[in-house]
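# Descriptive analysis of the structure
Residue-level listing of the chains:
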Amino acid sequence: MPGASEQITRLLDEGMAAIAAARGESDLLDAKGRFFGKKGAVSAILKGIAALPAEERKAVGEMANRARAGLESAFDARLSEIREKERLVREGRERIDVTLPGRGPMPGHRHPVSQTMSDIISVFRRLGFSVQGGPDVETDYYNFEALNFPPEHPARDMQDTFYVESAAGDLVLRTHTSPIQIRTMERMKPPVRIIAPGTVYRSDSDITHSPMFHQVEGLAVDRDITMADLKGLLTEFCRMTFGPGKPLRFRPSYFPFTEPSAEVDIRCVICGGSGCRVCKESGWLEILGAGMVDPSVFGFVGYDPEEYAGFAFGMGVERIAMLRHGISDIRLFFENDIRFLSQF
Ligand code: PHE
C-alpha cells in the first residue's frame, strides 16, 4: 500500500493537532475515538495490514504502532493538563481567604422585661433590701389565706388564677409574689427588708394584662416603721426609675393584707399631666400597690403586732417597662418579634 506511510504521518499530525486543540475531556475523548481508539483511523490501518504486500507489513505495522503510542502519550499528557487546569479554576473559585475577619454571632441582649426587672432590683438593693424567691406553684394558704384572703373572700376574684390539681391540697399558680413575704417572715425575725421578684399568673388577658407577668414586691418589718418610711422609699424608687421631678401621689385603695392601703400613681409619662388617652384624661398613671402590713398577717407568721410594724408594696414589671419606653400593648413583650426586641 504505497500511500500507507503518508497516511499514517498525516493521521499522526491531525491526531496531535486535535489533542492539542482539545479544550476539555470530552474533546479529548472525541479525538481518541477518531484517531487511535478501537474504531479509530490508526486501528483501521492496522486491521488493513494483512492485505499489504509482505515486505511492507512490518514497516507499516511498526509505524502505525508508533503513531498510536505517540498519540496515546500525547493524550495522557493533555488529559492531565486539562484536569490540572480545571482543578486550578475550581480552587480559585472556592478559595477561602483565611485572613478575612470572621462573621461573629449576632450579639443579643437581655429582654426589656428582664432589663427592667434587674434595674428595679438594683434600686432596692442600693436601698438596703435583699432578694428572696419562692415557688411559682403555691399553696392556697401562702397565696391567699395567710395574706388574709379567707376562702370565698371576694378579693380573690380580682386575682383569679390557674388552679393545679393535687392530692396534697389546693395548689395555684401564684397570683402575686406576696406569698414569698409570708415564707420569708416564717423563716426570719425582724428586722426584715426584702424584695420578692418573680413570675405571676392570672386569668387575665388584654392589651395591658397578660396571663403571665412579672412582679417585684417588697416588705419591710421593724420597730417603728411608719407610712412615712413607705412614702419616702417609693418616692426615691420613682426618682431613680423615672428620673427626678416626676410627681407622684398616693391614692387610698384596698388590699386584704395591708391597712391602710394605697395605690401609687406617677404623672403621666405621655402627656405630662394635661390629660390624654393613655392616662384616661386623669394626668396620672398607676404604678403600684402598697400599704402597712395588716396586723392579722403578722398573726399568721407569729410576729407580735404590738411590737412590730411593716409596709409592703408590689409592682408589675411589664407595666413599669411600658411606662419607661412608651409601649402601649403588653403582648409585644411576649411575641418575641426581633424587630420589637432589638429596640431596647
Ligand atoms: N400583691 C398585690 C397585687 O399583686 C400588690 C401589693 C403588694 C399591694 C403589697 C399592697 C402591698 O396586686
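Scoring rules and cut-offs
Residues numbered from 1 in each chain as written. Predicted model: local features only at pLDDT ≥ 70, side-chain atom pairs only at ≥ 80, totals over all residues. Heavy atoms only, no water. Helix = DSSP H or I, 4+ residues; strand = E, 2+ residues; numbered from the N terminus. Rg over C-alpha atoms; globule rule 2.2 N^0.38 Å. Contact = heavy atoms within 4.5 Å. Areas by Shrake-Rupley, 256 points an atom, 1.4 Å probe, with all protein chains shown as cover. Lys, Arg positive; Asp, Glu negative; His and termini not counted. Charge placed at Lys NZ, Arg CZ, Asp CG, Glu CD. Expected span 1.5 Å × (residues − 1). Buried < 20%, exposed > 50% of the residue type's maximum accessible area, 1.4 Å probe, protein only. Polar contact = N/O pair within 3.5 Å; in protein donor to acceptor, adjacent residues only side chain to side chain. Pairing = 2+ DSSP bridges. Near = heavy atom within 4 Å. Nonpolar A, V, L, I, M, F, W, Y, C, P; charged D, E, K, R; others polar. Salt bridge = Lys/Arg side-chain N within 4 Å of Asp/Glu carboxyl O. Core = buried A, V, L, I, M, F, W, Y, C linked by side-chain atoms within 4.5 Å. Domains from an automatic or database assignment.

Bringing the overall build of the chain into the picture now. Check the secondary structure of the chain and you find 12 helices and 10 strands. On C-alpha atoms alone, the chain measures out to a radius of gyration of 45 Å, which is more than a quarter above the 20 Å that the 2.2 N^0.38 rule sets for 344 residues. Counting only C-alpha atoms and orienting by the principal axes, one finds that the chain spans roughly 140 × 55 × 35 Å. For the chain, the proportion of contacts with a sequence separation of at least 24, taken over those separated by at least 6, is 66%. For the chain, the accessible area works out to roughly 18900 Å², and carbon and sulfur atoms hold 53% of it. Looking at the chain, you have 42 positive and 48 negative side-chain charges, and the mean spots of the two groups are 11 Å apart.

Turning to helix H5 (residues 112-126), a few remarks are in order. Within an α-helix, residues lying three or four positions from one another point in the same direction, as the helix has 3.6 residues per turn. Spanning 15 residues, H5 covers 21 Å between terminal C-alpha atoms, matching the ideal 21 Å at 1.5 Å per step. Of all the positions in H5, only Pro112, Val113, Thr116, Met117, Ile120, Ile121, Val123 and Phe124 are classed as buried.

Turning our eyes to something else, we now look at the environment of Ser274. Relative to the helices and strands, Ser274 is located in the loop between strand S8 (258-267) and strand S9 (284-293). A C-alpha to C-alpha distance of 9.4 Å links Ser274 and Trp284, two positions 10 residues apart in sequence. Polar side-chain contacts of Ser274 include one of 3.3 Å to the backbone oxygen of Cys271.

This part is about the sheet that holds strand S4 (residues 171-173). Overall, antiparallel pairing links the three strands, which are arranged S2-S4-S3 in an open sheet. Of all strands in the sheet, those with a lone pairing partner are strand S2 (137-139) and strand S3 (163-164), marking the two edges. Inspection of the sheet shows S2 paired to S4 by three bridges, in the antiparallel sense. Opposite Val137, over in S4, you have Leu173 as the bridge partner.

Neighbouring the ligand are 14 residues, the closest being His176, Ser178, Arg202, Gln215 and Glu217. Within the side chain of Arg202, one N or O atom sits 2.8 Å away from an oxygen atom of the ligand. Taking Glu217, its side chain carries an N or O atom lying 2.7 Å from a nitrogen atom of the ligand. Bound to the protein, the ligand loses 93% of the 320 Å² it would expose on its own. Taken together, the elements giving at least two residues each to the shell around the ligand come down to strand S6 (212-222), S9 and strand S10 (309-316). Looking at which element gives the most residues to the shell around the ligand, the answer is S10, with three residues. Tallied by class, residues from the shell around the ligand come to five nonpolar, seven polar and two charged.

The seven strands lie next to each other as S1-S5-S6-S10-S9-S8-S7, forming an open sheet whose pairing is mixed. Two strands lie at the open edges of the sheet, namely strand S1 (130-131) and strand S7 (248-255), each paired on one side alone. In this structure, S8 lies alongside S9, joined through eight bridges in antiparallel fashion. The partner of Val264 across the bridge, within S9, is Leu288.

This paragraph deals with the pattern of salt bridges. Inspection of the entire model under this criterion finds 19 salt bridges. Of the charged contacts in the structure, one is a salt bridge between Arg87 and Glu91, with a shortest N-O distance of 3.0 Å. Note that Arg87 and Glu91 are positioned in helix H4 (residues 54-94) at a spacing of four residues, about one turn of the helix. Relative accessible area serves as the criterion here: at 30%, Arg87 is assigned to the partly exposed category. In this structure, the salt-bridge partner of Arg223 is Glu307, at a minimum N-O distance of 2.3 Å. Remark: Glu307 occurs in the loop between helix H9 (295-301) and S10 and Arg223 occurs in the loop between S6 and helix H8 (227-242); sequence separation between them is 84 residues. Take Glu307: its relative accessible area is 34%, and that puts it in the partly exposed class.

What follows deals with the environment of Ala155. Tracing the sequence through the fold places Ala155 in the loop between helix H6 (140-143) and S3. The spatial distance from the C-alpha of Ala155 to the C-alpha of Tyr254 is 9.2 Å, given a sequence separation of 99 residues.

Take the nonpolar core next. If you look at the biggest cluster of nonpolar residues, it comprises 40 residues, and the most contacted ones within it are Phe124, Ile287, Leu288, Phe311, Phe313 and Met315. With residues near it in sequence (within four places) discarded, Phe124 still touches Phe129, Ile195, Leu233, Phe237, Phe313 and Met315.

Here we take up the domain arrangement of the chain. With domains assigned, the chain is organised as domain 1 (4-94) and domain 2 (112-341). Each of domain 1 and domain 2 has a C-alpha centre, and the two are 93 Å apart.

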